[in-house]
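For reference, the chains in residue letters:
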Amino acid sequence: MSTGVTGRMAMQTPTDGTPTSKGGSTSRRRVHFQSTGFPLRGLTSARRHTPFRQAPSKRRIPQNKSVEENVDPSKIGLLLRKQWRLYSVTPLHKFSDTNLKDYARLLTAHIAAEKQKGLAVEVGLEMNLKVAFSSLPWLKGRDRDPGGILIQVSAKPQFSAADSEDRILWSGLFCCTFGDEGMLDLLPETMISLPLFLSNGSETFTATVGMWFQRTFDCSFSNLPISAHDLAWMTAMWTGYDVYGHAAATELVFSVPCEPQKLDISYAIHPDDVRALWDDIHKSQDEVTEEEVDLFFQCLYSHFFRHFKIHLSAARLVKVTTSVASAHCDGNVKFLCKEHLIRVLALLTELALNLQY
């Protein structure tokens, strides 16, 4: 590997060379939904991949289905470069994308009722919140996958002009990109599988919207964290995707448990170097194997140890950032490249489904 690969510790080094920590990080409050979900009787046998929490030995590379040229750019822009929180959702009962206007009206009334009970909203906003449901039929991996559903909660800021646009306070997205074919075959006609839910905005709104969906469509939401093992898979798979234009450095963040506060180590790799390494390791054009991912990280660890004498294998990978996307172990993602949006959602959909079994 060339010397263009560099490692950086998230520490400040005084003039005497003794490293000191920049400071610990604070943990975010998590949203926990009450479980009122529809029991998945008869659906367990549909899972053709791995049992719950068992790591796969290989993953197929999703078909490179880029977003169509005729898709409204503003719709794509709503998804890119924003931090989304991930959730896993069981199938929705009696949900139909032909009733989106009715759902918007009912959810608006539900939020208004919750506000009367003390739902916190941002200071400076009028009380008349609006809810909009939109169908995103292009947001799927195969023709048989259901399209995505985008939900937006907006309001007009106080003292704004009458013709000014509403401000989007919260967004939520349901999708099933390259969903489980076995599950889709076994689902009754009254149910739809949209296993991946992403939210951007206030966690209060996330909880309020989630509770309405649980009560209305007999489903269940669960927080979707990302394991260090899956972050490693994301690093390898996203490194192999061609990015046109400016390619950013790949950055890996590792957490080291230490007292009195934890230490984070940041490892940045030049995009040309990390791609050359992966191309030398990866052989198949259709799938990625666990052995390839392990070897990829062993090489990165060895290079880092040569320069900093630190064994990264003893730390925990908590965040990965590439030109394609970034992901954090807490269950936060950012989509950075529209050309591979479908591919990133495919892996996230798989993780959401794995959490249900």
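Residues numbered from 1 in each chain as written. Predicted model: local features only at pLDDT ≥ 70, side-chain atom pairs only at ≥ 80, totals over all residues. Heavy atoms only, no water.

Undergrad: Just to check I follow, could you spell out the pattern of salt bridges for this structure?
TA: Side chains bearing opposite charge may pair, as long as their charged atoms lie close to each other. Enumeration according to the criterion identifies eleven salt bridges in this entry. Salt-bridge contacts for K58 lead to E287; the nearest nitrogen and oxygen are separated by 3.5 Å. Taken together, the positions of K58 in strand β4 (residues 58-60) and E287 in strand β15 (residues 287-289) put the pair 229 residues apart, joining distant regions of the chain. Its relative accessible area of 46% is what places K58 among the partly exposed residues. Note that D185 and R144 form a salt bridge whose closest N and O atoms lie 2.6 Å from each other. (Salt bridge = Lys/Arg side-chain N within 4 Å of Asp/Glu carboxyl O. Helix = DSSP H or I, 4+ residues; strand = E, 2+ residues; numbered from the N terminus. Buried < 20%, exposed > 50% of the residue type's maximum accessible area, 1.4 Å probe, protein only.)

Undergrad: Which parts of the structure should I look at to understand the pairing of strand β9 (residues 167-175)?
TA: In the case of a regular strand, side chains alternate between the two sheet surfaces. For β9, a buried count of seven out of nine residues is recorded, marking the element as mostly surrounded by other parts of the structure. Pairing of strand β8 (residues 148-155) with β9, which is carried by seven bridges, proceeds in the antiparallel orientation. Across the sheet, residue V153 finds its bridge partner in β9, namely W170. Where β9 lies against strand β11 (residues 196-201), six bridges are found, and the strand directions are antiparallel. When the bridges of β11 are listed, W170 appears paired with G201. (Pairing = 2+ DSSP bridges.)

Undergrad: Teacher, can you tell me more about the state of the cysteines here?
TA: A covalent bond between the sulfur atoms of two cysteines is what we call a disulfide. Scanning the model with the defined rule gives zero disulfides in all. With no disulfide of its own, C176 lies 7.6 Å from the sulfur of C175, the closest cysteine sulfur. (Disulfide = S-S within 2.5 Å.)

Undergrad: Before we go on, may I ask you to explain the environment of K82 in this structure?
TA: Relative to the helices and strands, K82 resides in the loop between α1 (73-77) and β5 (84-89). As for K82 and F335, which are separated by 253 residues in sequence, their C-alpha atoms are 7.1 Å apart. If we ignore the near neighbours within four places in the chain, the residues touching K82 are G77, N200, V333, K334 and F335. Within the local environment of K82, its side chain forms a polar contact with the backbone oxygen of L78, the two atoms lying 3.3 Å apart. (Contact = heavy atoms within 4.5 Å. Polar contact = N/O pair within 3.5 Å; in protein donor to acceptor, adjacent residues only side chain to side chain.)

Undergrad: Help me understand the pairing of strand β13 (residues 250-256) in this model?
TA: Across the seven residues that make up β13, a large majority, five, are buried. Two strands pair when backbone bridges link them, and β13 and strand β14 (residues 263-269) are joined in this way by seven bridges, in the antiparallel orientation. Following the sheet pairing, E251 is matched in β14 by A268. As defined by bridge partners, β13 adjoins strand β16 (residues 316-321) across five bridges and the pair is classed as antiparallel. Directly across from S255, in β16, lies its bridge partner R316.

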